[in-house]
Amino acid sequence: MDKRDLSRLFRERLKLMLARSGQNQSAFAASVGIDRSALSQLLSGQSTRLPRAETLLNMAATYNVSLDWLLGISQDEGLASEIRESLEIEEGTGSFDRTLLAAWHAEAAGTKIRYVPAGIPDLLRTDAVIDYEAGITRKNRDSQIDEKDYRIDYNRRPETDMEVCMPRHMLEIFAKGNGVWSGLPETERREQLSHMARLIDDLYPSFRLYLYDGRQRYSIPYTIFGQIRAAIYVGEMYLVLNAVTPVRTLTRHFDNLIRAAEINSHEAAAYCRQLADAPID
């Protein structure tokens, strides 16, 4: 769905909810945890951006409608429409994707999130690395920075429990400026590794990074959201698994990666500093 169409449908359904509530804009806004000016902006249609996932979930819960209906995915506004197919494919581009990812994280709050990234974990990237990757992939720089900031905020919450496991050699290749990183200056690579070390220390223990030997183990990138769902990243799309059995299977796979880790979470920051300070061959 085009993000303009998505925004229009959301705006129409927001207006319907406001009318049904019988409240003025100030009271309605307070009921879903936002201020009146934010509500006015959402109703005006001046922007195609959607509210944060927490706001969407608050709206759905407070007024007893499904998230699918609120986002225009379903015509059924009842909560029964939240029962999804066991296997889905979600597009991986545009603001809708960012809202879905944020919604999945919000739904999993208080449970463990397991994450195998495709590259340097999103929330650990510096703006310079985001700029560089945006130039290669042609993804929107500002949206990636917004997502990074959201994920950092998410991991600062006391209820957050996130484990990340990735190949050690991915960081080693980055440190040396090999492969796709050949165009990123050495100073920016070193700053990225130092930034990672600082942030890993800052977020520990709610965020824990493990590094395994990528020569002995292999994994596709995916995220497991508690026991709710798993999203496998396949380029510009996510293969979303909502059934219990495949989610448990991926959880066992992730736990095996953790068991095989050569750098454990309490050692990850020091390892990043070691790479940042090491001489480049």
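This section reports on the structure supplied with the text. Quick caveat: nothing in here was measured; it's all calculated off a predicted structure.

Remarks on the overall build of the chain
Within the chain, the regular secondary structure consists of twelve helices and seven strands. Computed over its C-alpha atoms, the radius of gyration of the chain comes to 20 Å, within 12% of the 19 Å expected for a compact globule of 281 residues. When its C-alpha atoms are laid out on the principal axes, the chain stretches across 65 × 40 × 30 Å. When burial is assessed residue by residue, the chain has 49% of its 281 residues classed as buried. Relative to all contacts within the chain whose residues are 6 or more apart in sequence, the contacts with residues 24 or more apart total 71%. With an accessible surface of roughly 13,700 Å², the chain has 49% of that area assigned to carbon and sulfur atoms.

Overview of the side chain of Asp 213
Tracing the backbone through its elements, the reader meets Asp 213 in the loop between strand S4 (207–212) and strand S5 (222–225). Take Asp 213: its relative accessible area is 6%, and that puts it in the buried class. A distance of 2.9 Å separates a polar atom in the side chain of Asp 213 from the backbone nitrogen of Arg 215.

Focus: the packing of helix H7 (residues 127–137) against helix H8 (residues 141–155)
Interhelical geometry of H7 versus H8 gives an angle of 140 degrees and a closest axis separation of 9 Å. Accordingly, the angle class assigned to the pair H7 and H8 is oblique. In this structure, H7 crosses over H8, and the sense of that crossing is right-handed. Across the interface between the two elements, Asp 127, Ile 130, Asp 131, Glu 133 and Ala 134 of H7 pack against Arg 141, Gln 144, Ile 145 and Lys 148 of H8. Among the residues forming the contact of H7 with H8, the class breakdown is three nonpolar, one polar and five charged.

What about the pairing of S5?
Side chains Tyr 222 and Ile 224 of S5 all project onto a buried face; the interleaved residues Thr 223 and Phe 225 project onto the opposite face, where all are buried too. With four bridges connecting them, strand S2 (residues 112–116) and S5 associate as antiparallel partners. Bridge pairing links Ile 113 to Phe 225 in S5. Here S5 hands over to strand S6 (residues 229–233) after three residues, with Gly 226 in that stretch at a positive phi of 55 degrees.

Quick look at the pattern of salt bridges
Here the idea is simple: oppositely charged side chains can pair when their charged atoms come close. Inspection of every chain in the model, using the stated rule, returns 22 salt bridges. Asp 142 is the partner of Arg 141 in a salt bridge, and the nearest nitrogen-oxygen pair spans 3.2 Å. The exposure class assigned to Arg 141 is partly exposed, which follows from its relative accessible area of 34%. Accessibility expressed as a relative area gives 47% for Asp 142, which makes it partly exposed.

Observations concerning the nonpolar core
Ranked by size, the top nonpolar core spans 67 residues in total, and within it Met 59, Met 196, Ile 200, Phe 207 and Leu 209 carry the most contacts. Residues within four places of Met 196 in sequence aside, it is in contact with Ile 120, Leu 124, Leu 171, Leu 209 and Cys 272. Membership of the second largest hydrophobic core comes to 15 residues, among which are Tyr 222, Val 247, Phe 254 and Ile 258.

Overview of the environment of Glu 262
In this fold, Glu 262 is placed in the loop between helix H11 (244–259) and helix H12 (265–277). Sequence separation between Glu 262 and Asp 213 is 49 residues; the distance between their C-alpha atoms is 6.8 Å. Glu 262 has contacts with Arg 168, Leu 211, Tyr 212, Asp 213 and Glu 267, leaving out every residue within four places of it along the chain.

A word on helix H3 (residues 36–44)
Buried within H3 we find Leu 39, Leu 42 and Leu 43. Buried residues of H3, viewed axially, fall in a sector of 95 degrees; they line one side. More than 90 degrees from the buried face of H3, the exposed residues found are Ser 37 and Gln 41. Following H3 by one or two positions, Gly 45 adopts a phi angle in the positive range, close to 80 degrees.

Here we look at the pairing of strand S7 (residues 237–241)
With four bridges connecting them, S6 and S7 associate as antiparallel partners. Its bridge partner being in S7, Tyr 233 is matched across the sheet by Tyr 238.

A closer look at H12
Among the residues making up H12, those that are buried are Ser 265, Ala 268, Ala 269, Tyr 271, Cys 272, Leu 275 and Ala 276. Across the axial projection of H12, the buried residues extend over an arc of 165 degrees, all falling on one side. Exposed and facing more than 90 degrees away from the buried side of H12 are His 266, Gln 274 and Asp 277.

The rules behind each value
Residues numbered from 1 in each chain as written. Predicted model: local features only at pLDDT ≥ 70, side-chain atom pairs only at ≥ 80, totals over all residues. Heavy atoms only, no water. Helix = DSSP H or I, 4+ residues; strand = E, 2+ residues; numbered from the N terminus. Rg over C-alpha atoms; globule rule 2.2 N^0.38 Å. Buried < 20%, exposed > 50% of the residue type's maximum accessible area, 1.4 Å probe, protein only. Contact = heavy atoms within 4.5 Å. Areas by Shrake-Rupley, 256 points an atom, 1.4 Å probe, with all protein chains shown as cover. Polar contact = N/O pair within 3.5 Å; in protein donor to acceptor, adjacent residues only side chain to side chain. Axes fitted to C-alpha atoms, helices over the stretch in contact; angles between N-to-C directions. Parallel < 35°, antiparallel > 145°, perpendicular 65-115°, else oblique. Left-handed = near helix turned anticlockwise from the far one by under 90°. Nonpolar A, V, L, I, M, F, W, Y, C, P; charged D, E, K, R; others polar. Pairing = 2+ DSSP bridges. Salt bridge = Lys/Arg side-chain N within 4 Å of Asp/Glu carboxyl O. Core = buried A, V, L, I, M, F, W, Y, C linked by side-chain atoms within 4.5 Å. Arc of directions from axis to C-beta.

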